[in-house]
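Each chain is listed here by its residues.
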Amino acid sequence: MKNPCKHALIAAALSVSLAAPQLVHAESVTATGAGTVTADARVDFRIIIPGVLRFRVGAAGGGIDLIDFAPTAANLGTGTDVAATAGSGDQGNGDVTVEVLSNSGQITITHDSNGSVLSDGTGNTIPYTEILTASSDAANLDAPVLGTASSTTPTLTGNLTDESATWTYTYDNTLAYNSGIYGGVNTNGGRVTYTASSP
Amino acid sequence: MFHSRSLCLLLITALSCCPLTAQAAKFKVNNKPPPGVMLSIGPGGARIGEVAFKIKSRDLGTGVPLRGKPDINIRVANRATPGNSRVAVLTVDSSVPLRNGPYITPFTSISWTAKKGNIPSGRYDGSSSQFLFSFSNSQEVRDKHRFYYDNTGIIEVGTYTGRVTYTLTMP
């Protein structure tokens with residue numbers, strides 16, 4: 001016995017499949033029809049972004065800059081700031097390049113010179129507070145004050161930090177310290193280490 | 001006895017009056033198949049292909065484009081009667097950016113190169129209907145696309161996901 005209901009369903013299905021336009025969603029599809037025929041296929045993308053923190057003070061790469069001050073006898077202890085020597089820093093004259101790049105939240109820049117001194121090896125010292133640091137972009141990438149417990153926080157945009165500046169070191173020259181050579185290349189307290197850290 | 005013979009004759013007579021039906025198959029060659037298009041991207045079937053960019057910390061934001069994997073096969077075809085030639089157009093919708101929670105990055109940072117050049121190299125433009133390629137019937141065109149992430153800056157840490165939709169249309 002024929003099933004009129006079944007025949008009706010097949011007829012309806014055929015009439016739908018032949019209706020124009022055709023629209024099919026799949027990743028490998030064939031669409032046919034009398035009118036406009038359309039086939040869609042999709043591709044997914046995934047980008048895995050790692051956490052990153054890049055920090056540079058001075059020369060690029062692994063070099064460590066030396067900042068030299070050589071006040072003259074005539075101006076020693078006058079309170080007039082003394083610029084670094086021409087060969088100091090990667091930019092010269094006490095200027096160093098500073099860059100911080102991160103996608104990991106608010107970065108804090110600290111240093112290890114809090115309470116530290118430069119010595120001449122014979123018991124005479126100069127506190128790090130005698131060395132001043134000025135930033136070319138203090139609003140976005142300020143320098144911490146050497147010899148103190150200060151830290152700075154570069155500008156954060158969203159969750160990103162991407163700032164650069166020039167930090168310039170000068171000698172404050174507030175007192176006439178004993179003659180001698182204080183500090184040096186990783187000797188007599190002559191090295192400061194800056195640290196940038198993310199939360 | 002007579003009764004049985006009469007029944008037998010009656011049965012034979014009745015069977016001989018009924019036409020015997022034969023089992024047969026009919027074949028018909030349709031020389032006017034309906035117009036159609038075929039689009040296959042990625043692994044084919046119902047699976048959606050995925051291109052992944054796994055970036056190392058040291059490479060992030062260097063400006064050196066980074067390759068995604070795997071390459072994606074693309075195959076398109078159309079069919080129409082010779083007397084009614086038609087052109088099929090391949091477009092792509094990349095208007096919805098890749099998302100990582102509250103953070104997004106646009107598809108304009110992704111480009112591709114075509115291995116054969118049949119379906120040209122290009123870059124997503126972030127629109128809902130970017131023209132890629134057109135071809136007249138009846139052809140099948142294949143290519144393989146290799147994708148690159150621009151990597152021109154840093155973005156927030158995490159995994160960004162997004163989907164583009166290719167559409168092959170034959171008006």
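Residues numbered from 1 in each chain as written. Chains lettered and ligands numbered in written order. Predicted model: local features only at pLDDT ≥ 70, side-chain atom pairs only at ≥ 80, totals over all residues. Heavy atoms only, no water.

**Re the pattern of salt bridges**
- One pass over the full model with this rule turns up 9 salt bridges over all chains.
- Two residues, arginine 46 of chain A and glutamate 50 of chain B, come together in a salt bridge whose shortest N-O distance is 3.0 Å. Residue arginine 46 of chain A is located in strand β3 (residues 37–49), and its partner glutamate 50 of chain B is located in strand β2 (residues 49–54); the two belong to separate chains.
- The exposure class of arginine 46 of chain A is partly exposed, given its relative accessible area of 29%.
- Exposure remark for glutamate 50 of chain B: the relative accessible area of 32% places this residue in the partly exposed category.
- As a salt-bridge pair, aspartate 71 of chain B and arginine 146 of chain B come within 3.0 Å of each other at their nearest N and O atoms. With a gap of 75 residues between them, aspartate 71 of chain B in the loop between β3 (66–67) and β4 (72–79) and arginine 146 of chain B in strand β11 (residues 140–149) connect regions that are remote in the sequence.
- Residue class for arginine 146 of chain B comes out partly exposed when judged on its relative accessible area of 29%.
- In the salt-bridge network here, residues are joined through shared partners; they are Arg56, Asp90 and Glu99 of chain A. (Salt bridge = Lys/Arg side-chain N within 4 Å of Asp/Glu carboxyl O. Helix = DSSP H or I, 4+ residues; strand = E, 2+ residues; numbered from the N terminus. Buried < 20%, exposed > 50% of the residue type's maximum accessible area, 1.4 Å probe, protein only.)

**Examining the interface of chain B and chain A**
- Facing 53 residues of chain B, the contacting portion of chain A comprises 35 residues.
- At the boundary of chain B with chain A, total buried surface from both sides reaches about 3900 Å², with 57% on carbon and sulfur atoms.
- At the boundary of chain B and chain A, one finds 25 residue pairs in polar contact (both at pLDDT 80 or more).
- Every element with two or more residues in the side of chain B that touches chain A is listed here: β1 (36–41), β2, β11 and β12 (158–170) of chain B.
- With 13 residues, β12 of chain B is the single largest residue contributor to the side of chain B that touches chain A.
- By residue class, the composition of the side of chain B that touches chain A is 29 nonpolar, 14 polar and 10 charged. (Contact = heavy atoms within 4.5 Å. Buried area = accessible area lost by both parts, 1.4 Å probe. Polar contact = N/O pair within 3.5 Å; in protein donor to acceptor, adjacent residues only side chain to side chain. Nonpolar A, V, L, I, M, F, W, Y, C, P; charged D, E, K, R; others polar.)

**Quick notes on the confidence of the model for chain B**
- Of all residues in chain B, 83% attain a pLDDT of 70 or more, and the chain-wide mean is 86.
- In the predicted structure, residues 6–20 of chain B sits below a pLDDT of 50 and forms 0 contacts with residues beyond four places in sequence or in another chain. (pLDDT = per-residue confidence, 0-100.)

**Thoughts on the packing of aromatic side chains**
- As enumerated under the stated definition, the model contains 11 aromatic pairs over all chains in all.
- When the centroid spacing of 4.8 Å and the interplanar angle of 50° are considered together, the rings of tryptophan 112 of chain B and tyrosine 124 of chain B count as tilted. You can see tryptophan 112 of chain B sitting in strand β8 (residues 110–114) and its partner tyrosine 124 of chain B sitting in the loop between β9 (122–123) and β10 (130–136), a full 12 residues away along the chain. By the burial criterion, tryptophan 112 of chain B is buried, and tyrosine 124 of chain B matches it.
- Through a chain of ring-to-ring contacts, three or more aromatic side chains come together here, namely Phe45 of chain A together with Phe107, Trp112, Tyr124 and Phe147 of chain B. (Phe/Tyr/Trp six-rings, centres within 6.5 Å; stacked < 30°, edge-to-face > 60°.)

**A look at the environment of serine 179 of chain A**
Residues and elements named next belong to chain A.
- For serine 179, the location among the structural elements is in the loop between β11 (161–171) and β12 (194–197).
- Residue serine 179 is classed as exposed on the basis of its relative accessible area, which comes to 70%.
- Placed 59 residues apart in sequence, serine 179 and aspartate 120 show a C-alpha to C-alpha distance of 8.8 Å.

**What to know about the environment of phenylalanine 135 of chain B**
Residue and element names in this part refer to chain B.
- Take phenylalanine 135: it is sitting in strand β10.
- By relative accessible area, which is 5% here, phenylalanine 135 ends up buried.
- In this structure the C-alpha to C-alpha distance between phenylalanine 135 and alanine 77, which are 58 residues apart in sequence, comes to 8.7 Å.
- Phenylalanine 135 has contacts with Val76, Ala77, Asn78, Arg86, Val87, Ala88, Val141 and Leu168, leaving out every residue within four places of it along the chain.

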